[in-house]
Amino acid sequence: MSPTPDSHDLPQELCAPALAPIGFTGLDTLNNAVHRAVWDAFSNARTPERAPISFMLLSPDQEFPPMKTKRNSYEWYVPKGILKTNWMDKHLKKLPAVVVIFYDLDWDDPLWNEKKQECASRVQSVRAALEGRGCRIAVTLLQQASTALPSGEDVMAIERGNALRTACALNAKSLFVLPHGDHLHGYILRLEKAFFELSQTYYHQKIKGVRSHLDQLNRTSHHYLFVRHQFKMGFYSELKQDYSLAHKHYMKAYGHLLELRILENNSSEIRTVGGYINYILCRLMFLHLNFYREAITQFRNHIDQFRTRMFGPRELEFEHHAWMCSQFGTFGDLFDEAVRRGLPGIQVQHPGYYYQQAALHAVERKKSCMELCKDVEPSPPNVDPFAGWPQPDFYGQRPWRVGKAVGDPSDPAKEKEGILALQAREKAVNHSSLIISILGSAISQFKTYNCPRMRRHLVIQMADEYYSFQDYTKALALLGHVLWEHRSERWWLLLTHALSRALVCAYLTASIQEFIALSIEALGPNVLLSQTRKASIFSNLCKVVKRVSPDLDAEVDVVPVSAKESAKHLWDAAAIANNVPLVPVDMVGGGMASLAECRARFSAPSLRLDEQAKVEVYVRSLCEQPVSFYRLSVVINGPAQGPIHVVVAETGSAGETDGSASNLSFECGEVKLFTATFPLDSRDIGKTIQISSTSLQFGQDSERFIILRYLAVGAGESFTPNTCPELQNFRSSPVGKIRYDDVRPLGSAVVLPRCPRLSVHTSFICDPPILVGEFFPVRVELASHGEERRLNSLVLNVQVAGDPVSASGATNDAGKDATLLHPQSQKTIISTTPTYLQQSSDLQLVLISNSSKSQSLGSEVIRTEFYVSALCPGKREISIKALYGFEGEDESEREEAETKLVLEALDPLSVSVQILSLGRLDTLSSTLLGEPFIFVPRITSHAHCTLRITSSYFNLAENVKAVGVGEGFVKGNQMCGLELGPKEGATEALVARIGGGTTSPGRDDLSSPTASTTMATGTFSVCWVRASKSPSPGKEPGSGLVKDGADGSVGDSSATSPLMPTETSVPLPRVRVDWTPLLIEAELPAHGWTRTAMPVLYRIHNCTHGLLRLQLSMEANDAFMFAGHIQTPLCILPHSVDTFTFNLYPLLSGLVALPRLRLSVQGGRGSGGDDDGGGDSSRQGDGDASKAVQIGGDGFAHWRDSHATRQSQLRDLLDRSLPTHVYIMPQAKGKAASLPST
């Protein structure tokens, strides 16, 4: 709350922070720069972390307050008051707790003895001036920084310091040294701490002295002294910064105060001192002790103690309200200060409530003053009516009772004179300014804590105060803010009160705009004024329109005569002046009602360009008096031509109506319908036009007319959209009359082109839906309506409306593959050719241009085609729009015909590829370098029609070779020409290997003995086409147009558009390739016969750069007899192949286990030269034997494991590469068995 000059404000010494005063003497701040620097360092930049003390600069002849005579006993002493007015100020500003004497003296000063004596004399003079006070005295020596040594190291300093203390009669803690140099601030902080400790000892001694007096007091005649002594001890404790002890003594003082007997002579003093002690208690608990709840409780108890007690004579009742206002205001200030320091406030407990109570008591103070002081002349400004009266020595005492005890009688004549003086001073107080200031603080708090309704309530109170203060302009501004909020929340009673007061303020300030707007709203049904008052307002409104001064309503509260006369002069001047001819009033928002309400709507949601646009305007009168308007108009916004002003009806002109409304005159509640037409602009085709506003003009153009502007559709109506629509049916309405509430708004309409004279039809060559990846042909036919016309331009635009969304929310594998093949393409491609040369989602075909010859179009049909290719499944909408113009018409009058086409795309087929082993046909996730395996692609049809496979091929990756074919492009022949129906599938196979085999080392990274890598193997592609249409060459669509006769004969071959094959590609599986020192292959028949010889061939490849030494053996089997070596050693040259043949003679039929071939690793490293394997006729070496001499080393050396581990790896290789079973057929009867040949 902002401070205001008032006799009930707290004294300045009570509000000042309680800091111990420290007096400085001996500093010449005017002539000595060092002294000035020392004083500035002490007194400036007092941050919170520094010692809580204040400093006083004492003059050499400083006089201190005189010491009063001490009493030996309080037995006959009768106190005349509670707290003296000069006591706190004396201990804060006049009597220091510590006096510090500054003296320039170095330890090595040559005039040491003389200066020592001078310093001692200064100390003695200060001690004499403070005799009996108990103030602490200290001496600070100002020395050069270079001569100051650390304590205890300078012997001379110790000796001379002791001598100086002895001469000055100081103790060891009262002599300080201040070197002035670079570290002055640090020394200052240490000195402040020492001075603060000295002040604490001083106040501790003062508290002991006051406490010793308590034992001499009695409860009979010393009640005042109990309060005074506890207050003193609390004040000393606060100066000592012992806030807990201070709170304890203040609470005792407040308790003793409440025990005092209240009489008419001491009532003002008790009330005043109680307010002071309560303020100090709340300040301690809020700002120092963090007892927030206790502070609020203390204040509430304090108010409960003094609220109902009426102190003093009845003529001074305003003093009680002034004191209550001061109590709530100061507590609100303390609460606000605590919030700024971090106390969290809430909506139900914050400073705004206390400011509000302060404002209420300020209003009561004003009322009491107006009632009690009406016959008293106010005192002149800046003149104290108590000038010349003796000033009271105690807080709260009356000037006519100075020097009297509480039991002494008063002088009636002087008391009466004093009461009149108090009334005169009170009448001179500007109460309105005080109330407005307090309300401003309360409004700010309620706004901070988001309490909008309380804030509006206080704003109304502030406006009323401005109104009583005759500041009508500010009152009108405040009421204008509140009116909108009351209107939006539908508080009609509150709105009526605020609107009535605002209307009077507008009249008294001659604000034409505000007066007209408020008068129009006051005439609405929401304002609860009497009919007589509304009739008077309507009459004044008509006078303002006719430039005649209005009259103040008779029902208005009492208005000062001077204000009425001033307003009359202002209105007369405004009537003569030829200004403000137009007064616009916007009927916007929150249930604002006026003379009438309007609803404008289009006749239809879409308007054709070749028709006149029609606007319907419904007008209903809300005024209780008959009212006439001059003009009704509508503003329509068009994107091309901007705002269009359409006059719907005008007085004196024959407007088009429904027959019941011939003019703009209305009775109360009457509803009329007006219509108007206007032309449309061809530039707005396909765009939306909107009704921007509807305007009703009240008053003719020659007068000061009013424009009631209804922004948007339905704005300014008397009900809000929250009104329940089902309750509208219960409103009574005369039969045959227009029901205004049933009118539905239609504020926007789309401008459509003329009715198309050309129709667009589509047809399909193939059955939909389309398949992902294929180019689906769509035929477009354009035909004329009616008579024959000549076209001079025809452009066909084809465009995809949006990206398709599949049913599952994600594309499948086929869509992903198509996107991989065409990374820059859209999800849908529109093209004139069945190729990916045009990768665009829109297409423009210029069939007839302005430069070419115009063509006649009667019963003929124009046909053309385009292709749609979908790269992912899902539905897509295709817009086909024909832009055309006829011969003899302007270019801006071109027309358009449009049709929509919805196509769904499906996945044609799915392709999955497996890698199988050649021996066992097992699925492989890894393969060996050079080992043959099988690619097995599986194709499954998902199409709704039969698909023909035209071709398929493998595009193998680098270093991947097809066995017997080579690497790179490998064409498949197994599925060519195959037709697949829905859900049918097909499979083909390709044998391939990775690496260069045994004759060449292959790629370095693959042939490395330690290489093990995962690599891509290539892609598999399949080309397919719908089986219903075979590919055949023909004319490409879109290359020209075809005119068909009326009989439907086709004039071109584009109807048999070919279906081009579509390619679907998938990546072959990635495979891990491991290195191996050798490979083993087995060749045997697919099946055998019992007792018939069956040859089996084994090939062993050496894939290393070294010599392989192995031991080959064949295990015996009961199901076979075989010819060949059961066990033989092997020695295979680098990158060579050894072949072994065995003749097997089956003995059993069925799925029989083959004899198992075993290889074992021989120990040692080959040296080359001799072949210790021996060899026989059944083994053939493909390499040259002489290579064994040139190449040394062991091929298994790269297997760096133990012998047992090598043997295990070799066994796994045999199990992986060799078949384990063969199917043996039984021998046919009568067929002789053949013996195996050797």
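In this report, the structure presented in the accompanying data block is examined. Given the structure is predicted, the values throughout are model-derived calculations rather than measurements.

When you go through the protein residue by residue, the secondary structure sums to 24 helices and 53 strands. Per-residue burial over the protein gives 50% buried out of 1238 residues. Residue pairs at least 24 apart in sequence account for 76% of intrachain contacts in the protein once pairs closer than 6 positions are excluded. For the protein, the accessible surface area stands at approximately 58700 Å², while carbon and sulfur atoms represent 52% of it.

This part is about the pairing of strand β4 (residues 136-144). For β4, the buried fraction is high: seven of the nine residues fall into the buried class. Where strand β3 (residues 98-104) meets β4, seven bridges bridge the pair, whose relative direction is parallel. Looking at β4, one finds that V100 is bridged to A138. Here β4 runs beside strand β5 (residues 175-180); their pairing, made up of six bridges, is parallel. Looking at β5, one finds that L141 is bridged to V177.

A few words on the sheet that holds strand β38 (residues 1012-1015). Strand order in the open sheet formed by three strands is β29-β42-β38, and the pairing between neighbours is mixed. Edge positions in the open sheet fall to β29 (926-928) and β38, since each of these has one partner strand only. Direction aside, the axes of adjacent strands within the sheet are offset by 30° on average.

The next thing to look at is the sheet that holds strand β7 (residues 596-602). Read across the sheet, three strands follow the order β7-β9-β14 without closing on themselves; strand pairing throughout is antiparallel. Looking along the sheet, the strands with just one partner apiece sit at the ends: β7 and β14 (671-678). Ignoring which end each strand starts from, the neighbouring axes of this sheet average 20° apart. Note that strand β9 (residues 613-621) and β14 share eight bridges and pair antiparallel. Each residue of the ladder has a partner; that of V619, found in β14, is K672.

In terms of residue burial, strand β11 (residues 631-638) counts as a mostly covered element, since seven of its eight residues are buried. Looking at chain direction, β11 and strand β12 (residues 642-650) are connected through eight bridges and run antiparallel. By the bridge assignment, G638 is partnered in β12 with G642. Between β11 and β12, which pair antiparallel in sequence order, lie three residues. In terms of strand pairing, β11 meets strand β15 (residues 688-698) through seven bridges, oriented antiparallel. Each bridged residue has a counterpart across the sheet, and for N637 the counterpart in β15 is Q690.

Turning our eyes to something else, we now look at the nonpolar core. F24, F286, L595, F602, F629 and L708 are the most contacted members of the largest nonpolar core, which has 212 residues in total. Once residues within four sequence positions are removed from consideration, F24 is found in contact with W39, F42, F55, M56, L57, L58, V100, F102 and F195.

A word on the packing of helix α8 (residues 243-258) against helix α9 (residues 267-287). Direction vectors running N to C along α8 and α9 enclose 155°, while the axes themselves pass 10 Å from each other. Judged on the interaxial angle alone, α9 and α8 are roughly antiparallel. When you trace α8 past α9, the crossing you get is left-handed. Between α8 and α9, the contacting residues are Y243, A246, H247, Y250, M251, A253, Y254 and L257 on the first element and I270, V273, G274, I277, N278, I280, L281, L284 and M285 on the second. A per-class count over the contact of α8 with α9 returns 14 nonpolar, three polar and no charged.

For the rest of this paragraph, the subject is the side chain of T694. Within the secondary structure layout, T694 lies in strand β15. Judged by relative accessible area, which is 3%, T694 ranks as buried. Residues contacting T694, with those up to four places away along its chain left out, are C598, A600, V617, L632, S633, V634, L708, R709 and Y710.

Our focus in this paragraph is helix α13 (residues 412-427). Taking 1.5 Å of rise per residue, 16 residues should cover 22 Å, and α13 covers 22 Å from first to last C-alpha, within 8% of that figure. Every buried residue belonging to α13 is among E415, G418, I419, A421, L422, Q423, A424 and E426, and all of these are buried. Taken together, the buried residues of α13 touch α11 (317-340), α12 (351-372) and α14 (431-448).

Evaluation of the coordinates by the stated rule reveals 43 salt bridges. Among the ionic pairs, R122 bridges to E118, the shortest N-O distance being 3.5 Å. You can see R122 and its partner E118 sitting in helix α4 (residues 112-129), four residues apart, about one turn around the helix. The partner of R779 in a salt bridge is E865, with the nearest N and O atoms 3.6 Å apart. With a gap of 86 residues between them, R779 in strand β20 (residues 775-784) and E865 in strand β25 (residues 861-870) connect regions that are remote in the sequence. Salt bridges here are not isolated pairs; linked through shared partners, they connect R453, R455, R456, E485 and E489.

Orientation of α9 relative to helix α10 (residues 292-306), taken along the N-to-C sense of each, is 170°, at an axis distance of 8 Å. As summarised for this structure, α9 and α10 are arranged roughly antiparallel, according to the angle between their axes. Between α9, through I270, R271, G274, G275, N278, L281, C282, M285 and F286, and α10, the contact on the second element is made entirely by Y292, E294, A295, I296, Q298, F299, H302 and F306. Looking at the contact of α9 with α10, its residues break down into 10 nonpolar, five polar and two charged.

Using the criterion set out here, one finds 41 aromatic pairs in the structure. Linked through ring pairs, F24, W39, F42, F55, F102, F176 and F195 together constitute an aromatic cluster. One cation-aromatic arrangement involves R501 over Y467; the distance from NZ or CZ to the ring centre is 4.1 Å. Lying across the ring of F666, K672 places its NZ or CZ 4.9 Å from the centre.

A word on unusual backbone geometry. Looking along the chain, the bond that leaves P768 and enters P769 is cis, with omega of 5°. Topologically, P769 is positioned in the loop between β18 (758-764) and β19 (770-771). Of note in the backbone geometry, N290 takes a positive phi value of approximately 60° without being a glycine. Note that N290 resides in the loop between α9 and α10. If you check the backbone angles, N959 has positive phi at about 75° while not being a glycine. Topologically, N959 is positioned in the loop between β31 (947-956) and β32 (960-962). Judged by relative accessible area, N959 falls into the buried class, the value being 9%.

Looking now at a positive patch on the surface. Taken together, K208, R211, K248 and K252 make up a surface patch of like positive charges. Taken together, the elements giving at least two residues each to the positive patch come down to α6 (184-214) and α8. Here K208 shows up in helix α6.

Rules used in this analysis
- Residues numbered from 1 in each chain as written.
- Predicted model: local features only at pLDDT ≥ 70, side-chain atom pairs only at ≥ 80, totals over all residues.
- Heavy atoms only, no water.
- Helix = DSSP H or I, 4+ residues; strand = E, 2+ residues; numbered from the N terminus.
- Buried < 20%, exposed > 50% of the residue type's maximum accessible area, 1.4 Å probe, protein only.
- Contact = heavy atoms within 4.5 Å.
- Areas by Shrake-Rupley, 256 points an atom, 1.4 Å probe, with all protein chains shown as cover.
- Pairing = 2+ DSSP bridges.
- Axes fitted to C-alpha atoms, helices over the stretch in contact; angles between N-to-C directions.
- Core = buried A, V, L, I, M, F, W, Y, C linked by side-chain atoms within 4.5 Å.
- Parallel < 35°, antiparallel > 145°, perpendicular 65-115°, else oblique.
- Left-handed = near helix turned anticlockwise from the far one by under 90°.
- Nonpolar A, V, L, I, M, F, W, Y, C, P; charged D, E, K, R; others polar.
- Expected span 1.5 Å × (residues − 1).
- Salt bridge = Lys/Arg side-chain N within 4 Å of Asp/Glu carboxyl O.
- Phe/Tyr/Trp six-rings, centres within 6.5 Å; stacked < 30°, edge-to-face > 60°.
- Lys NZ or Arg CZ within 6 Å of the ring centre and 35° of its normal.
- Patch = residues over 30% accessible without salt bridge, like charges linked within 9 Å, V, L, I, M, F, W, Y side chains within 5 Å.
- Lys, Arg positive; Asp, Glu negative; His and termini not counted.
- Charge placed at Lys NZ, Arg CZ, Asp CG, Glu CD.

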